[in-house]
Amino acid sequence: MIWLTWRQFRGQAIATAALLGAFAIALAITGARLIGAYDANGIPGCHASGDCARATGNFINGLAGTPEMLTFYATVFLLYALPGLIGAFWGAPLVAREIEAGTLRLVWNQSVTRERWLATKLGMLGLAAAAATGLLTLMTAWWASPIYRAARQAAAGPSRMSIDRISPALFGASGIVPLGYGVFAFALGVTAGVLIRRTIPAMAATLAVFAGVQVAWPNWIRPHLLTPLHQMISLNVGRIDFISIGSRQMTVHAAVRHAGAWIISNQTITAAGRPFTGPPTGACLGPSYRACNSWLTAKHLRQFIVYQPASRYWPLQWEETALFVVMALLLAGVCAWRLRRRQQA
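An account of the accompanying structure is given in this report. Note that the coordinates shown come from a computational prediction; the quantities given were computed from them, not determined experimentally. (Residues numbered from 1 in each chain as written. Predicted model: local features only at pLDDT ≥ 70, side-chain atom pairs only at ≥ 80, totals over all residues. Heavy atoms only, no water.)

On to the overall build of the protein chain. Regarding its fold elements, the protein chain presents 10 helices and 5 strands. Expected size for 345 residues packed as a compact globule is a radius of gyration near 20 Å; at 26 Å, the protein chain overshoots this value by more than 25%. Each of the 345 residues in the protein chain was classed as buried or not, and the buried ones make up 43%. Within the protein chain, contacts between residues at least 6 apart in sequence are counted, and of these 81% link residues at least 24 apart. Side chains of the protein chain carry 28 positive and 10 negative charges; the gap between the two charge centres is 8 Å. (Helix = DSSP H or I, 4+ residues; strand = E, 2+ residues; numbered from the N terminus. Rg over C-alpha atoms; globule rule 2.2 N^0.38 Å. Buried < 20%, exposed > 50% of the residue type's maximum accessible area, 1.4 Å probe, protein only. Contact = heavy atoms within 4.5 Å. Lys, Arg positive; Asp, Glu negative; His and termini not counted. Charge placed at Lys NZ, Arg CZ, Asp CG, Glu CD.)

Once that is clear, we can look at the pattern of salt bridges. Counted according to the given criterion, the structure contains 2 salt bridges. Notably, a salt bridge pairs arginine 33 with glutamate 68, separated by 3.0 Å at the nearest N-O pair. Here arginine 33, found in helix α1 (residues 2-40), pairs with glutamate 68, found in helix α3 (residues 67-101); they are 35 residues apart in sequence, far enough to count as distant. (Salt bridge = Lys/Arg side-chain N within 4 Å of Asp/Glu carboxyl O.)

Attention shifts here to a nonpolar patch on the surface. On the surface, Leu85, Phe89 and Leu207 cluster together into a nonpolar patch covering about 260 Å² of accessible area. Its location among the elements puts leucine 207 in helix α8 (residues 199-221). Judged by relative accessible area, leucine 207 falls into the partly exposed class, the value being 38%. (Patch = residues over 30% accessible without salt bridge, like charges linked within 9 Å, V, L, I, M, F, W, Y side chains within 5 Å. Areas by Shrake-Rupley, 256 points an atom, 1.4 Å probe, with all protein chains shown as cover.)

Let's shift gears to the sheet that holds strand β5 (residues 302-308). The strand order across the open sheet formed by 3 strands is β1-β5-β4, and the pairing between neighbours is antiparallel. Looking at which strands have only one partner, the edges of the open sheet turn out to be β1 (229-234) and β4 (262-269). Sheet twist, expressed as the mean angle between neighbouring strand axes with direction ignored, is 20°. Bridge count for β1 against β5 is 6 bridges, and the pairing is antiparallel. Directly across from glutamine 231, in β5, lies its bridge partner isoleucine 305. (Pairing = 2+ DSSP bridges. Axes fitted to C-alpha atoms, helices over the stretch in contact; angles between N-to-C directions.)

A cis amide bond links glycine 278 to the next residue, proline 279, at an omega of 10°. Along the chain, proline 279 falls in the loop between β4 and α9 (289-298). One non-glycine residue, arginine 197, lies in positive phi territory at about 70°. Counting through the fold element by element, arginine 197 comes out in the loop between α7 (177-196) and α8.

Where α3 meets α8, the closest approach of the two axes is 8 Å, and the angle between their N-to-C directions is 150°. Taken together, the axes of α3 and α8 are roughly antiparallel relative to one another. By crossing handedness, the relation of α3 to α8 is classed as right-handed. Across the interface between the two elements, Tyr80, Pro83, Gly84, Leu85, Gly87, Ala88, Phe89, Ala92, Pro93, Ala96, Arg97 and Glu100 from α3 touch Thr199, Ala202, Met203, Thr206, Leu207, Phe210 and Gln214 from α8. (Parallel < 35°, antiparallel > 145°, perpendicular 65-115°, else oblique. Left-handed = near helix turned anticlockwise from the far one by under 90°.)

What follows covers the state of the cysteines. Using the criterion set out here, one finds 1 disulfide in the structure. At a sulfur-sulfur separation of 2.0 Å, the disulfide partner of cysteine 284 is cysteine 292. Because the sign of the S-S torsion sets the handedness, a value of about 85° for the bond joining cysteine 284 and cysteine 292 places this disulfide among the right-handed ones. Per residue, the accessibility class of cysteine 284 equals that of cysteine 292, and both read buried. (Disulfide = S-S within 2.5 Å.)

In this section: the packing of α7 against α8. Two packed helices can be described by the angle between their axes and the distance between those axes. Between α7 and α8, the least distance of the axes is 9 Å, while the angle of their chain directions is 140°. Of the possible angle classes, the one that applies to α7 and α8 is oblique. For the pair α7 and α8, the crossing hand works out as right-handed. Side by side, α7 and α8 meet where Tyr181, Phe184, Ala185, Leu188, Gly189, Ala192, Gly193 and Ile196 of the first sit next to Pro201, Ala202, Ala205, Thr206, Val209, Phe210 and Val213 of the second. Partitioned by chemical class, the residues of the contact of α7 with α8 number 12 nonpolar, 3 polar and no charged. (Nonpolar A, V, L, I, M, F, W, Y, C, P; charged D, E, K, R; others polar.)

Moving on, we come to the side chain of threonine 268. If you trace the backbone, threonine 268 turns up in strand β4. Among the polar contacts listed, one links the side chain of threonine 268 to the backbone oxygen of valine 252, at a separation of 2.6 Å. (Polar contact = N/O pair within 3.5 Å; in protein donor to acceptor, adjacent residues only side chain to side chain.)

Next comes the structure, spelled out in structure tokens:
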């Protein structure tokens, strides 16, 4: 059974291995230049906080628009895309192809039981999915380590690029979470194939559902995996990013200095605790920022901040990965139950 599964899967495995090998070579070439730039800015030998902040700031800001930064964004995109592709091209055809070809009953009439048949296929390809995403994650973690190290040391500021690992855009493309995504996407593809029983529609459904999960999860689920922290501070007019003024309302937004944190919500409120909406004043409509700042200071506005600190990066990683593995196991159970009913029918 293991040999048969390998014969059916070897083409996909070889193609994936070739792509990962080519990507590894590209990362090795560009990674050497990235480490050289990291060393050239004197970051490894800096000791004083001011020197380190200046060195890391120069390194981070110097990456803007460079091929290395484009490579960084490409690795992030690939880490988000690979699990979905695994689910669509590995998982969805696994059972749907057998059903379409009519070979499923032939397989079940052999000495191998349907439970062993499904367990072998899910086990081998599930491990392969975890291995593929794990290898890609390890390669990109090594390559991007100078960027993440510099980002942790750099002083927070408006000119700094947002490359904190805990931020929603990067969290799912770092750490161990991609392994959970890969296993879940594979199980999702198999389940779609079992339920839809046609390969192409199952592949499309897998991509659509997994894309929906990737959008919904960081917005509605991840912020609540661990109870976020809350903080109330006085509004510092020197940190105001922008002021939006309409006909009857105005909003004020100020930056938050929580190094490496994921800011879930940052709301300007009145002294009474209500969201500040104006009304707009003439002091903020004119060319003088000083008059507007004085008016805002007199309002005694505050900021209500909801955030996940940088120290929760790994606890969130472990919890999210565990949830996706559990969901993958549940989907595997659904597949086994559905195939058993199909056999009985």
